[in-house]
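Letter by letter, the chains look like this.
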Amino acid sequence: MKKYAVITMDVEDWYHTYFPEADVDRSISLLDGLDVALEIMRKENIKGSFFVVAEIAEMLAKKIRAMDEAGHDIGCHNYQHLRPVTMSVEDYRKQLIEAKENIEEILGHEVIGYRAPSFGIDDDRLNVVRECGFKYDSSKLKPQKSAKYGVLNLEGFQEIFPCIHNDGCFTEFEVSTQKIGDMNMLLGGGYIRMLPWFFMKYMTQKYLDTGKPYVMYIHPIDLSPKAMPKVKGITLDRYLRTHIGRENMVWRFKQVIEMLKKNGYEFVTFAELLKLYPAEA
Ligand SMILES: [Zn+2]
């Protein structure tokens, strides 16, 4: 079995993930973490899949276009960063159409990939994603204990390759998790940043030993060299989530890339994987 790795980034700012509803000062941006990722990937000759919040795509239009031209796969991550399950199906559809059209206008071509903010999607809303013309989604996780994540049952889909589910015209790429006890722990994002490295290295290696496609996700906040903006009245939980491990994440990101190379993984984008495992298969 060929081993594939997809490096993915959800292109959103610090407030999208951690302070969506709070009245925070949005004048400070940590989106420079995107440049850090792009530079590391350029040196390693890795192309990735980037799911961009449409209001950010408007701000970074030139850069998003350049990434597309360089061979990265540009997908959609909603218009703002609202979790689909918090919206009615019809409201969700409206903002998704707007988000898709905005990014397509910037790129000058169709956008085929999608990821739901905070993986907060269910099967009804996944149908909307499909009806809006996307060819793939990457919001599926193995069952989670936290209620903030949505649940995708994917009825009617077949697992055509480990972690790649297909229903004939639409493909779902699972994001990597590793079992620990009765938990399916995410191997990306804040987990790599916040948990002790020896533990994350062990969990990641355990997953790579299976040879299944490895899908990692990160955010600009994880890699930005800037200090986290101060937020008044921040809870301890949010403080920890936004501060822990930011100084080491660039090193850890590079370490994961090294592990993938050592384990014989080939770096691809989801758009490339779709061609390798076409929807008609
Ligand atoms: Zn997100």
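Check the entry above for the structure.
Residues numbered from 1 in each chain as written. Predicted model: local features only at pLDDT ≥ 70, side-chain atom pairs only at ≥ 80, totals over all residues. Heavy atoms only, no water.

Undergrad: Pulling in residues and values, what's your account of the coordination of the zinc ion?
TA: Distances from the zinc ion to its protein donors, Glu12 (OE), His77 (NE2) and His81 (NE2), fall within 2.0 to 2.1 Å. Read in sequence order, the donor residues for the zinc ion give the motif E-x64-H-x3-H. Taken as a pair, glutamate 12 in the loop between strand S1 (4-11) and helix H1 (14-18) and histidine 77 in the loop between strand S3 (73-76) and helix H5 (89-107) lie far apart in primary sequence, 65 residues in all. (Donors = N, O, S within 2.8 Å, 3.2 Å for Na, K, Ca; no water. Helix = DSSP H or I, 4+ residues; strand = E, 2+ residues; numbered from the N terminus.)

Undergrad: So, the layout of surface pockets: which residues are in play, and what are the values?
TA: In this model, the largest pocket occupies a volume close to 760 Å³. In this structure, the largest pocket is lined by 27 residues; those nearest its centre are Thr17, Tyr18, Ser118, Lys148 and Arg241. Among the elements of the structure, H1, helix H7 (189-194) and helix H10 (236-243) are those that each provide at least two residues to the lining of the largest pocket. For the lining of the largest pocket, the leading source of residues is H7, giving four residues. Here the residues of the lining of the largest pocket sort into nine nonpolar, ten polar and eight charged. (1 Å grid on protein atoms, 1.4 Å probe; cavity = no way out; pocket = protein on both sides within 12 Å on 5 of 7 lines; lining within 4 Å. Points joined across faces, edges and corners; volume = space filled by probe spheres on them. Nonpolar A, V, L, I, M, F, W, Y, C, P; charged D, E, K, R; others polar.)

Undergrad: Describe the nonpolar core, naming the residues involved and giving the relevant values.
TA: Counting 74 residues, the largest nonpolar core has Tyr214 and Phe253 as its most contacted members. Discounting chain neighbours no more than four positions away, the residues touching phenylalanine 253 are Ile7, Ala37, Ile40, Met41, Met216, Ile218 and Leu223. Of all hydrophobic cores here, the second largest spans 19 residues; its members include Phe51, Phe119, Phe173 and Tyr277. (Core = buried A, V, L, I, M, F, W, Y, C linked by side-chain atoms within 4.5 Å. Buried < 20%, exposed > 50% of the residue type's maximum accessible area, 1.4 Å probe, protein only. Contact = heavy atoms within 4.5 Å.)

Undergrad: Describe empty space enclosed by the protein, and please don't skip the residues or the numbers.
TA: In total, this model carries one cavity of 30 Å³ or more according to the counting rule given. In this structure, the largest cavity encloses a volume near 40 Å³. As for the largest cavity, its lining consists of Cys163, Ile164, Phe173, Glu174, Pro213, Val215, Phe270 and Leu273. Listed by contribution, the elements that provide at least two residues to the lining of the largest cavity are strand S8 (171-174) and helix H12 (270-276). The class makeup of the residues in the lining of the largest cavity is seven nonpolar, no polar and one charged.

Undergrad: So what about the pairing of strand S6 (residues 158-161)? Which residues, and what values?
TA: Taken together, the three bridges between S6 and strand S7 (residues 164-166) define a ladder with antiparallel strand orientation. Opposite glutamate 159, over in S7, you have histidine 165 as the bridge partner. Hairpin connection from S6 to S7: two residues lie between these consecutive antiparallel strands, with cysteine 163 at a positive phi of about 70 degrees. (Pairing = 2+ DSSP bridges.)

Undergrad: Which residues make up the pattern of salt bridges, and what are the values?
TA: A full pass over the atoms with the stated rule returns 17 salt bridges. One salt bridge in this structure joins glutamate 110 and lysine 135, with 3.3 Å as the shortest N-O distance. Taken as a pair, glutamate 110 in the loop between H5 and strand S4 (113-114) and lysine 135 in the loop between helix H6 (123-131) and strand S5 (136-140) lie far apart in primary sequence, 25 residues in all. A relative accessible area of 42% places glutamate 110 in the partly exposed class. Because the salt bridges share partners, they merge into one network encompassing Glu39, Arg42 and Lys43. (Salt bridge = Lys/Arg side-chain N within 4 Å of Asp/Glu carboxyl O.)

Undergrad: Please set out the packing of aromatic side chains residue by residue, giving values where relevant.
TA: Per the counting criterion, the structure on display carries 14 aromatic pairs. Centre to centre, the rings of tryptophan 14 and tyrosine 15 are 5.6 Å apart; their planes meet at 80 degrees, and the pair counts as edge-to-face. Under the relative-accessibility criterion, tyrosine 15 is labelled buried at 6%. Ring pairing ties together the aromatic residues Phe51, Tyr136, Phe173 and Phe270, which thus form one cluster. (Phe/Tyr/Trp six-rings, centres within 6.5 Å; stacked < 30°, edge-to-face > 60°.)

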